[in-house]
Amino acid sequence: MATTSDISRGMILKLDGSLYTVIEFGENKTARAAAKVWAKLKGVDNKRSIEKTWNSGENIYPVRVEKKAFQYLYKDESGYNLMNNETFEQIALEEEMIDAPQFLKDGSEVFVFINTETEQPIGAELPEKIVVQVTYCEPGLKGDTATRALKPATVETGATVQVPLFVNDGELIRVNTKTGEYVERVKE
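- Within an unreviewed UniProt entry, the label attached to the chain reads Elongation factor P, and the organism entered is Danxiaibacter flavus.
- Under the UniProt heading Sequence similarities (unreviewed entry), the entry covering the chain gives this text: "Belongs to the elongation factor P family."
- For the chain, the Pathway (unreviewed entry) comment in UniProt is given as "Protein biosynthesis; polypeptide chain elongation."

Written as structure tokens, this is what we have:
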């Protein structure tokens, strides 16, 4: 059992039979009334975003979640097929359960969150930054770099990323999977 003082960002809570991830939280103190704790929550199994307020010291129900490394194998009609790196067990996840599925490529590492009570996967995410190869982009014109001008580039996974003008076809770039933004060019 936990109380509102144990809330932290990224914690998964059980509310009204659904699972929610804590996105943001804070405490409101007033002169006369007791302190209140508020949190912005995003649904793990229903994708709803809600705000919840508790009295300070109230009980909350966190869900114990394990983060396991899986390897992406392929996509078919059953979903995205992943293999556990330790037990070689295979699971299929729906596209909605994976953060940034547009950056998945064969053999890439994926972290799957598993509810320890039910042993069911509740979501998956890629590493924060990944290296991908640019397969197509328009050539940048010399002298167009006075401002931070960007151009669209297609990467090997089929996703489109905005990159600086100096990036060319065939180059490796590092991309932030949370925002989908270009981070830097990678030397081989």
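Text resumes after the structure shown.
**Quick look at the overall build of the chain**
- Within the chain, the secondary structure is distributed over zero helices and 16 strands.
- Against the globule reference of 16 Å for 188 residues, the chain gives a C-alpha radius of gyration of 21 Å, more extended than a compact globule.
- When the backbone C-alpha atoms are referred to their principal axes, the chain occupies close to 65 × 45 × 25 Å.
- Burial analysis of the chain (188 residues in total) assigns 36% to the buried set.
- Taking contacts inside the chain between residues at least 6 apart in sequence as the whole, the part at least 24 apart equals 44%.
- Accessible surface computed for the chain: about 11,600 Å², of which carbon and sulfur atoms make up 47%.
- Computed over 23 positive and 30 negative side-chain charges, the inter-centroid distance for the chain is 8 Å.

**With respect to the side chain of T116**
- With respect to the secondary-structure elements, T116 resides in the loop between strand 10 (109-115) and strand 11 (120-125).
- Only 2.9 Å separates the side chain of T116 from the backbone oxygen of R64, close enough to count as a polar contact.
- Once you skip the residues sitting within four places of it in the chain, T116 turns out to touch R64, V65 and E66.

**Topic: the sheet that holds strand 3 (residues 18-28)**
- Read across the open sheet, the four strands follow the order 2-3-4-5; overall the sheet is antiparallel. The open sheet terminates on both sides in strands that have one partner only, identified here as strand 2 (12-15) and strand 5 (49-55). With strand direction ignored, the average angle separating the axes of adjacent strands in the sheet is 45°.
- As judged from the seven bridges shared by strand 4 (residues 36-43) and strand 5, these two strands associate in the antiparallel manner. Paired with K40 across the strands is E51, a residue of strand 5.

**Re the pattern of salt bridges**
- Counted under the stated rule, the structure contains eight salt bridges.
- Across the salt bridge formed by K68 and E66, the nearest N and O atoms sit 3.7 Å from each other.
- Look at K68 and you get partly exposed, because its relative accessible area is 26%.
- With a closest N to O distance of 2.2 Å, E184 and R174 form a salt bridge. On the criterion of sequence distance, the pair formed by E184 in strand 16 (residues 181-186) and R174 in strand 15 (residues 172-176) is long-range, its members being ten residues apart.

**Some points on the UniProt feature "domain: Translation elongation factor P/YeiP central" (unreviewed entry) in the chain**
- UniProt marks residues 67-122 with the feature "domain: Translation elongation factor P/YeiP central" (unreviewed entry), using the numbering shown here.
- Spanning residues 67-122, this segment combines 0% helix with 54% strand, and its end C-alpha atoms are found 10 Å apart.

How each quantity is defined
- Residues numbered from 1 in each chain as written.
- Predicted model: local features only at pLDDT ≥ 70, side-chain atom pairs only at ≥ 80, totals over all residues.
- Heavy atoms only, no water.
- UniProt positions renumbered as here; feature names shortened; annotations may be inferred.
- Helix = DSSP H or I, 4+ residues; strand = E, 2+ residues; numbered from the N terminus.
- Rg over C-alpha atoms; globule rule 2.2 N^0.38 Å.
- Buried < 20%, exposed > 50% of the residue type's maximum accessible area, 1.4 Å probe, protein only.
- Contact = heavy atoms within 4.5 Å.
- Areas by Shrake-Rupley, 256 points an atom, 1.4 Å probe, with all protein chains shown as cover.
- Lys, Arg positive; Asp, Glu negative; His and termini not counted.
- Charge placed at Lys NZ, Arg CZ, Asp CG, Glu CD.
- Polar contact = N/O pair within 3.5 Å; in protein donor to acceptor, adjacent residues only side chain to side chain.
- Pairing = 2+ DSSP bridges.
- Axes fitted to C-alpha atoms, helices over the stretch in contact; angles between N-to-C directions.
- Salt bridge = Lys/Arg side-chain N within 4 Å of Asp/Glu carboxyl O.

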